[in-house]
Every structure is written in C-alpha cells, then in structure tokens.
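For reference, the chains in residue letters:
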Amino acid sequence: MTHDTIRTGRPAAAQRSAISYTLNGEPVSCEVDARTLLVHHLREERNLTGTHIGCDTSQCGACAVHLDGRAVKSCTVLAVQVDGREVTTIEAVRGQGPDDLHPVQEALQSKHGLQCGFCTPGMVMTALELLDTDQALTPEQVQHGLVGNICRCTGYQNIVDALVELSASESGGTR
Amino acid sequence: MTSGAQVAQEPATSTEYVGVSVPRREDFRFLTGTGTFSEDITLSGMLYASVVRSTLAHADIVSIATDAARIQPGVVAVFTAADFGDDEMGTIPTDWELPIMDGIPARYPLARETVKYVGEAVAVVVAETRVQADDAAYFVDVEYAERPAVVDAELATRDGAPLVHDQYERNTSYVWHLGTGDWDSMAAAADHTVDVRLVNQRVHASSLEARVSIADYQVGTGILTLYLGTQNVHVVRRNLSIAIGIPENRIRVVTPAVGGAFGSKLCLYPEDVIVSAASRRLRRPIRWAETRAEHFTGTSGGRDHIEQVSLAADKEGKIQALKVTTYANLGAYVSGMGAGIPVVSGMVYPGVYDIPVADVDIHGVYTNTSTTETYRGAGRPEAAYLIERAVDELAAKAGIDRVELRRRNFIQPHQFPYSNATGMTYDSGDYEKALDKALEMIGWDDRVAEQAAARAEGRIVGLGLSVYTEFCGFGDSFQLQLVGFDRATWEQSVITVTRTGSVIVQVGIDAAGQGHETSIAQIVATELGLDIDDVEVLQGDTDVVHFGTGTFNSRSMSSAGTSAALAARKILAKATRLAAHMLDVETDDVVYRDGVFSSGPQPEGRQVTFEEVAVEAWRGVDLPEGMEPTLKEIAVFDPPNFTSPFGVHVAAVEIDPDTGAVRIDRYVAVDDCGNQINPQIVTGQIHGGVAQGIGQALYEELAWDEEGQPMSTSFMQYPVLRAHHMPRLETGHTVTPSPVNPLGVKGVGESGAIGSQPAVVNAVMDAVRHLGVDNLDMPLTPAKVWTALQEASR
Ligand code: FES
Ligand code: FES
C-alpha cells in the first residue's frame, strides 16, 4: 500500500496494474488489482479452478502452482508478482495425450493416493518439484517434502508410497 | 426387505468386480483439476456474500448499524434478521430431538436478540465481488451488551452457571439414562473397582474444502437451486423448505464434488438459508464461501464429552458392571443429529465386553460454543476410548495382563446377535480372531520383551491396544424413531436400462471422497453380469435422484449398496422373463451370464443379448402378458438392524524425555468390516480414519478460553496431521459378514477413527504409568506429557 492510498483512504483494490506473463505455455496480458492474490487471479479471472483454496494462512498447499518451475503457494503470491514470469497450473499437467495422465498422476491413482481429491492438484504440483531429482527418494524425504501440503483424507501413506516408488522407477517421475 | 427374485443360480458374471480393487473412476477429474467443487461454480450475474459474525460468546444485540456498509463500492444489499419475517427466514430444523428434551431452542440463521457463540451470523453483506463484500462487512457496526458465558459442559450444569437460553431454568437439555441392573450392589460385591475421569476433547473434522453455498432463485418458476458441499442433498432440501417456506418440489439441491466432509457437512447450516433467502429477495444468484477461520468457528465440531467411568470386576477380572456419567457439550444450539449422538454413544459404552450391568447417565448440555455434531465415528470413538481406557486401568489395578483380561470378558461368537446392557444389538463379531491377528502382526510378546529391555536403559516406551466394536448403517427405523431420530434409515436406488443397454443407477447417497461411483458400479455390474463401463452411477442432485437418505454412519455400502444390488436383481428378473418370452422358453430354463441370455446351458442354447432384451423392453410391442415396457426398477432397503464392524488396533510408542514428544514406532490395525466391495478403498478409509484418530490423540483440540473466545481458528492452532507425523500403518483384516444385509457388508468409513485414539493413548499411558503418571487427557501434546512426567518425578 502506498502513502497515497492511506491518505486518501481509497481501498487498495482501486489500484490496477498491467501484467504480462506465461500461463501454461500461453502468453497472458491483463490488468489486475494490486492486492489480488495469484490464486484468486487464476480461479476467478482465468477460470482455472483446479487450483484450490484450503486455508487463510498459507498452511495447506491446496493452492500450489509452479512459478518459474518451482512449486509455490499461490495464496502467498500477488498476481502482480508474476509479471514477466512463467506460471504452470494443474490444468497443464497431463501425459502424452490430453486424456492421459502424467506419471505422477498415474502413480497416485494406482496407489489410491487420493480420496476427495481436493488436495490432489496441490499434491501433484508439489510432487513434481520433489521428484525433479536423479535420486530415489526415501519415505522420510517424501514425507518431509510434503510438509506444506495437508491431506485430511488419505493419511498420506498411499501418497508417499506412490512417490517413493515412482522416484525409484525408470521414468523417475518428472525427468 | 424389498427383494427381487433370485433368477440365476450361477453368478451372472465371469468378471467379478466385488471384492476387487477396481481403480476409481472418480480419480481422473481430481488428478487433473477438472473435478467441479462447489466454489468452482460461477453463475451469470452472481453476487457474493460475506457474513458478519458475533465477536462475543454471549451478548444481547443492542443495535446493528448497516448504513456505512451499504454505501461501500459494489454493495447490493446488507441484511440482518430484522429484514426477514419467519416466512422468509425461519428457524433451522434439527434431525434429532430426544423425546425427553423440552423442545429445541430456536436457531435463526441470522441472530435476533442475542448471540450465543463467537461466530454466530448477525448480518450479511451482498456485493458484486467477493472482495467488495468482505471489505464492506467491516463497516457493519454491531453494538452488544455482553453477558457472562460458559464453555465447559460440566461447569455449565452447576448452580449459578450463566444460562445460555433464558427460557430454560438450566443448561442441561436432557439427562438420558441407559442400562439395566444395580450398580451399587455389584460394586459392593466386587473384588476390583476402578474410577477414571476422561475428557474427550472437542475436535473438528476440518475437511480441506470448507463449506460453500450458492443459491439461485428463479423468478417466474419460483424454483430455488442450492449448490453446496453436503453429505445429503435430500435432508438439506427438506430442512431448507421448512426454513424458508418454499415447497420441496420447487427446491433443487446439488452437491458437486465434495472436498471431504467426515460428518461436518451433514446438516443444514445458517449460511445455506441466508444465501437462499437473500437470493430470493435480490433475484440473483449468490455465492458464499467460508474462510478457514469461519470454518473453525462456525462449522460444527465433534466429541466434547466429559466422562466419569467406573468398572466393577471379580477376582479374575471378569467385569460385572459399568457406571458412567457423561457431560456432553451440545454447543449453543442443537445442530442436525447433535442431540442424539451422546445417547447412541452410551449404547456402545460396554464395547466388546459381556458386561451384565450398566448404569449410564448422559447429560446433554448447552454452552456458549459452536454446535457439536456428527464427526467421523459420532459417538463410537467416545465409547471406545472410554471403555478401552477403563479396561486398561482395571488391568493395571488388578494386576492382570491386559490382553488376558480382555479375552476373559469378550462377547463370544456364539452369543451373536448380542444385546448389550445399554440396549444395543450387535449383529456379529469374532474378537479373539482379530486380536490374535493383530498381536501376531505386531509380534506382541517380542515387543513386550523389547520394551522391558528399553526401560532398563531408561527409555520411556509403551505398548497399547484397543479392541472396539461400533454400529453402522442406521437401523432399525422403528427403534430409532422412538428416540426421536428424524431421518429415514432406508436407502433407495433406481436403475434404468437405456435402449442401447447402458445402465444408469440413481442412488440416494452423496460421496465426499469415498469412491461411491466406483463401488456402486462394482456391485451393479456384478449383479447384472455387465462390463463395469456399462454402468453409470449418479448421485448428489435432487433433480436427478429424487429421494435418498445420504452418506453418514458408514452406511453407504450397507444401505445404498444393498438397494442398488436389489434393484439390479429386479432388473435381471424382468429381463430374464422377457428373454424367455423372446426365446420362447420357460423363464426357469433361461441361463444368464455375461450379458447373454440362453435358452439352456451355454453355449448350445439359442441366445439373446442383454442389449437385445433392452431394445425389446424399450419398444414394448411384444412383451409377456402383463409386463410394462422398459427396464426400470426401484429398490428401497430399510436395514433391520445396525451392523457392527469391529477391530483391534495396536500402537508402540516412545516418548522423548527432554521434550515430552510422543513418537509412534509401530502401528497395526486389524479391522473387520464384513465383506469388502473394494479392498483398496477399504484400506484407504482405515488410513484416513487412523490419521484423524492419531490427530485427536496427539495434536488436535478445538478450544475456547473462559470467555468463550475461540483459540483454534487456523491450521496453526489446530494442527491437523502432516505427512511426517504419520507412522507406517500396518493394516490387516478379518472378514465376518454382516447378517443384516444381503451383501454382508458392515461399513468402514469411521472404524479407523474409532480404534486409533484409545490404542495410542493406552500406549502412552503404558509408557508413563509406572513412572507415576496416573491419567492424561488428549491431546497428548509434548507440553502436556512433559509436564506430567515432571510432576510425577517430584
Ligand atoms: S490456500 Fe494456499 S496454503 Fe492454503
Ligand atoms: S484427498 Fe481429500 S484432502 Fe487429500
């Protein structure tokens, strides 16, 4: 918030900023409110509702997306901050064909690593980063790697098993 | 029971789907972010609501100033209770009023004269955007005259406690007595008695998706559509109709994908009524989406029982009698099934033990807190915790091995169906078998030996077990209605076979992650001998499924699964009659398998396919005498009794003496849910339930301070389990089919949350009892355990 807005008492929402960035491989140019969070921008203004909101305090990871290839909580990033950068959401994570799943998604399905599915997009985005390594991951590494992602349904074990197994497999997940 | 004729001796299919871990058809949409949750729905012209809530636990509303809010950018309307008459926004009905209760305190969606808990809705701001609604809500100025508040259920029953409801003389809504026999004489004659005070703290389901409600009232038709995440669209429809005076046939309730529920999305909530009434007034669709803080303060939690438990046993440790006094916190109002849960909890206090005498008093008490309701297990976790903690205390005091003591008291397999001393009938069970399996899986004797060695080194280690039984699949309807249960117990399925032979199942349950679309399709495809991809399962929309009872009490397979199977059998019976007509043979001579009807043993006989029969039924021009066209059948199954899942959980823990932190080193769960439709889903339900039970045992508490200010309003103060908190779960099963439904299923959604908390706490008590700690209440946080160890060593 600038001094100007404080003095005039005008809500920060009134400030608009132009941004240009790459969203799921496509260029986007638009105006956003200065205070709009990336997650709200994606869900409400870009209609990408696969990114979810599970909390108010940056605790749950349901909103995870990739910013320049790194997993971030999109409720903790302002939309204006993605200017000039690259954002990838769950909607861009697929296998070879549009009806195919990515190996991470396949692994989660085959191990029953999801129930209600609300945490799942965030889990997938976090897992993609976690698996971006040549190492076979241990269960402890995966457990700690998922520290920012809450799942209230599965008890995590099947998610951890899916990712451990995938990291040890030939495709090694994301590489 | 409604039953179709059993037409084929042989199974109708060579591809058995039941009992197989079929991959879930739900998964693709969730994995790819294309599953539609309530908040993903945007309607044209939609407005957004922000709710102004009470900041005090108990206060009279002196005035509400809304003018400043009304002139904020984008604001369309600000409403308070004064803006709606009873016909537009009446009180919220409950689903369970015990006959001994002196009525139900009126709960208006927007508070009228007083507020009774922090978070109660007092006004709603409706604006063009969510941000504008939230901004303007800060300009609503409510003046309160504060009153004293009470948050603890036991304290609320004391003389002089602040009264939550002026129209009653006390905060105790009811005292319900359960049990038979004379405790006093049994206790006087007993060789051993124990007396334990337990607090089963308030916890919160806190599904990752909070609540969302979108109302869309259509002028002209007068039809209101409500989109929300719920476990039961039909109860929402009924109660909304009562609350806002629109007939049920002009209300459509839709629940799209639901991001977890666990009992917390089972009743009609104030916000559902508020957005509905506001949409009708403004003639535009309105969306309200809860914040996590609102979720913790407004959405019902569960448990919150204070219990005084006594056991009387003979020399051998055979338990003769049980006495319990429970103070159950209802919260400020009665929500949904909230009033009945403490009572049905009492009905399973004796657990898996053959205890002849019980003397149980349950006090249902109002306090200035949010309401309690169904939460995963709803009464059975409290019961299992109570009896399993007490039995361990008895074993310790009597000097009898706790495994042996349990064996001596088990209800034996030949005693089923077994009626316990508090009025519950268990359908079937074999506790020894499950116990033996669990002990073998963990290697009990070796663990005991290891533990002795570890203790000799000064380590603080413990082993704990729990043996539980519970009740699922609500029934019978007659008994339940006697105690004021105002939901149905039946479930219905409608099956339609289209002209091209594809199968549509409309089922009256609503999934929130349990995979019903897959499991119900497994059942129907198996019954009909068709490929599972030929079966589509529909739920969660009152315009698609006109009637139903919903998903709760782990009833979806035992009730809906059964009704789907019975409807499929009716379809097959009719199709077989028609096939006989087409083949010109007697119905009894028709053999059906894998989608083909034959005039005799396959492959020699003449054949018609299921699809050809479907075409003939659809055309309806050449049918057997008296047969109506189409293959469409309904089956309604009303269970004659509850089912009784059971199991044994064992935990091995170690406590860090420097921090008090509890680490679970081993965790074994053996659960018996009868026959399993999809074993992978069954195990997944156990995992999730155990995680929530461990959460309650070690971390979670929804707390208020003495003034009634909530202390748990985010995941920071309410630490649900993270991945690294979870021990490795070693799961096993025994299979004891239920005799009360033809599928032999019992239900599994809640078992994990029932067996786990006593196993974990018993393990911790085992670790610290010999160090002088004689009681601990959940959650067993490091601070609590460390303090207890310090005090004991003084
Ligand atoms: S919504 Fe971003 S962390 Fe919860
Ligand atoms: S699957 Fe429901 S929160 Fe993870």
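Residues numbered from 1 in each chain as written. Chains lettered and ligands numbered in written order. Predicted model: local features only at pLDDT ≥ 70, side-chain atom pairs only at ≥ 80, totals over all residues. Heavy atoms only, no water.

- As recorded by an unreviewed UniProt entry, chain B carries the name Xanthine dehydrogenase family protein molybdopterin-binding subunit and is attributed to Nocardioides vastitatis.

- Per an unreviewed UniProt entry, chain A is named (2Fe-2S)-binding protein, and its organism is Nocardioides vastitatis.

**Overview of the overall build of chain A**
So, step 1. Within chain A, the secondary structure is distributed over 6 helices and 5 strands.
So, step 2. Burial analysis of chain A (175 residues in total) assigns 53% to the buried set.
So, step 3. In chain A, of all internal contacts separated by at least 6 residues, the share reaching a separation of at least 24 is 56%. (Helix = DSSP H or I, 4+ residues; strand = E, 2+ residues; numbered from the N terminus. Buried < 20%, exposed > 50% of the residue type's maximum accessible area, 1.4 Å probe, protein only. Contact = heavy atoms within 4.5 Å.)

**With respect to the packing of helix α3 (residues 103-110) of chain A against helix α6 (residues 157-168) of chain A**
Each pair of packed helices can be described by the angle between their axes along with the distance between the axes.
All names here are of chain A.
So, step 1. In the contact formed by α3 and α6, the axes pass within 8 Å of each other and the chain directions differ by 135°. When the axis of α3 is compared with that of α6, the two are oblique. Handedness of the crossing formed by α3 with α6: right-handed. Between α3, through Pro103, Val104, Ala107 and Leu108, and α6, the contact on the second element is made entirely by Ile159, Ala162, Leu163 and Leu166.
So, step 2. Split into classes, the residues belonging to the contact of α3 with α6 amount to 8 nonpolar, no polar and no charged. (Axes fitted to C-alpha atoms, helices over the stretch in contact; angles between N-to-C directions. Parallel < 35°, antiparallel > 145°, perpendicular 65-115°, else oblique. Left-handed = near helix turned anticlockwise from the far one by under 90°. Nonpolar A, V, L, I, M, F, W, Y, C, P; charged D, E, K, R; others polar.)

**Remarks on helix α7 (residues 270-282) of chain B**
Residues and elements named next belong to chain B.
So, step 1. Spanning 13 residues, α7 covers 18 Å between terminal C-alpha atoms, matching the ideal 18 Å at 1.5 Å per step.
So, step 2. Of all the 13 residues making up α7, 11 are buried; the element is thus mostly covered by neighbouring parts of the structure.
So, step 3. Along α7, the positions that sit buried rather than exposed are Pro270, Glu271, Asp272, Val273, Ile274, Val275, Ser276, Ala277, Ala278, Ser279 and Arg280.
So, step 4. Within two residues after α7, Arg283 carries a phi angle of roughly 60°, on the positive side. (Expected span 1.5 Å × (residues − 1).)

**Considerations on the packing of aromatic side chains**
Residues and elements named next belong to chain B.
So, step 1. Counted according to the given criterion, the structure contains 23 aromatic pairs over all chains.
So, step 2. Judged by centre distance (5.2 Å) and plane angle (80°), the rings of Tyr431 and Phe646 are edge-to-face. Residue Tyr431 is found in helix α12 (residues 431-442), and its partner Phe646 is found in strand β26 (residues 646-655); the two are separated by 215 residues along the sequence. With respect to burial, Tyr431 and Phe646 carry one shared label: buried.
So, step 3. Consider the rings of Phe474 and Phe642, whose centres lie 5.2 Å apart with planes at 75°: the pair is edge-to-face. Of this pair, Phe474 sits in the loop between β18 (460-469) and α14 (477-482) while Phe642 sits in the loop between β25 (631-637) and β26; the two residues are 168 residues apart in sequence, bridging distant segments of the chain. The pair formed by Phe474 and Phe642 is uniform in burial state, with each residue classed as buried.
So, step 4. Aromatic ring contacts, followed pair by pair, group Trp96, Phe471, Phe474, Phe485, Phe552 and Phe642 into a single cluster.
So, step 5. In this arrangement the basic side chain of Arg487 is found over the ring face of Phe552, its NZ or CZ atom lying 5.1 Å from the centre.
So, step 6. Across from the ring centre of Trp618, 5.0 Å away, lies the NZ or CZ of Arg499, which sits over that ring. (Phe/Tyr/Trp six-rings, centres within 6.5 Å; stacked < 30°, edge-to-face > 60°. Lys NZ or Arg CZ within 6 Å of the ring centre and 35° of its normal.)

**Describing the domain arrangement of chain B**
Accessible area lost upon the coming together of the parts is a frequently used measure of interface size.
All names here are of chain B.
So, step 1. As assigned here, chain B comprises domain 1 (27-35 + 490-637), domain 2 (38-147 + 210-256 + 265-298) and domain 3 (302-475 + 641-792).
So, step 2. Taken over C-alpha atoms, the centre of domain 1 sits 40 Å from the centre of domain 2.
So, step 3. Facing the 15 residues of domain 1 at the interface are 13 residues of domain 2.
So, step 4. Interface area, domain 1 with domain 2, both sides summed: about 1,100 Å², of which 42% is carbon and sulfur.
So, step 5. The interface formed by domain 1 and domain 2 includes 2 salt bridges.
So, step 6. In this structure, the salt-bridge partner of Arg252 is Asp543, at a minimum N-O distance of 3.6 Å.
So, step 7. Seen at the junction of domain 1 and domain 2, the total is 11 residue pairs in polar contact (both at pLDDT 80 or more).
So, step 8. The residue makeup of the side of domain 1 that touches domain 2, split by class, is 3 nonpolar, 9 polar and 3 charged. (Domains from an automatic or database assignment. Buried area = accessible area lost by both parts, 1.4 Å probe. Salt bridge = Lys/Arg side-chain N within 4 Å of Asp/Glu carboxyl O. Polar contact = N/O pair within 3.5 Å; in protein donor to acceptor, adjacent residues only side chain to side chain.)

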